[in-house]
Amino acid sequence: MNIDTDTQWSYWSGIKKFEAEYHDYLQTQIGNPEGPEKPNKKHYDPRECIRSAEVSTVERLEQCYADLKCQNVLGLGAPSIAENILGPRRGGLPV
């Protein structure tokens, strides 16, 4: 296991997956499978594909931690859900 290489690949794979899923929405600013006048701003916003990359990386890191048996080793228990976040961004894509 090479965590550096694995996280680089997981970051890239998140972007690649996003592009594959929203390919038709990323071709023009206006016009997509939902209609010729539908805007695509929320799809080509770079923060959306970066978010996809971050989610993919977190999933890979959780897998690495599990493989290395270094989860919950300090006796702190499972992590709680973060309360200092605003939740999904308005108009953002579901994660």
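Right above here is the structure, for reference.
Residues numbered from 1 in each chain as written. Predicted model: local features only at pLDDT ≥ 70, side-chain atom pairs only at ≥ 80, totals over all residues. Heavy atoms only, no water.

Things to note about helix α3 (residues 46-67)
Part 1: In a regular helix each residue adds 1.5 Å, so 22 residues correspond to 32 Å; α3 covers 32 Å between its end C-alpha atoms and thus fits that length.
Part 2: Restricting attention to buried positions, one finds in α3 the residues Glu-48, Cys-49, Ala-53, Ser-56, Thr-57, Arg-60 and Cys-64.
Part 3: Check the buried side of α3 and you find it contacts α1 (3-21) and α2 (41-44).
Part 4: Just downstream of α3, Lys-69 is the residue with a positive phi angle, here 55°. (Helix = DSSP H or I, 4+ residues; strand = E, 2+ residues; numbered from the N terminus. Expected span 1.5 Å × (residues − 1). Buried < 20%, exposed > 50% of the residue type's maximum accessible area, 1.4 Å probe, protein only. Contact = heavy atoms within 4.5 Å.)

Brief notes about unusual backbone geometry
What is expected of a backbone is that most residues other than glycine have negative phi and most peptide bonds are trans.
Part 1: Positioned with a positive phi, Lys-69 is a non-glycine residue whose angle comes to about 55°.
Part 2: Along the chain, the position of Lys-69 falls in the segment after α3.
Part 3: The residue Asn-72 is not glycine, and still its phi comes out positive at about 55°.
Part 4: The residue Asn-72 is located in the segment after α3 in this model.

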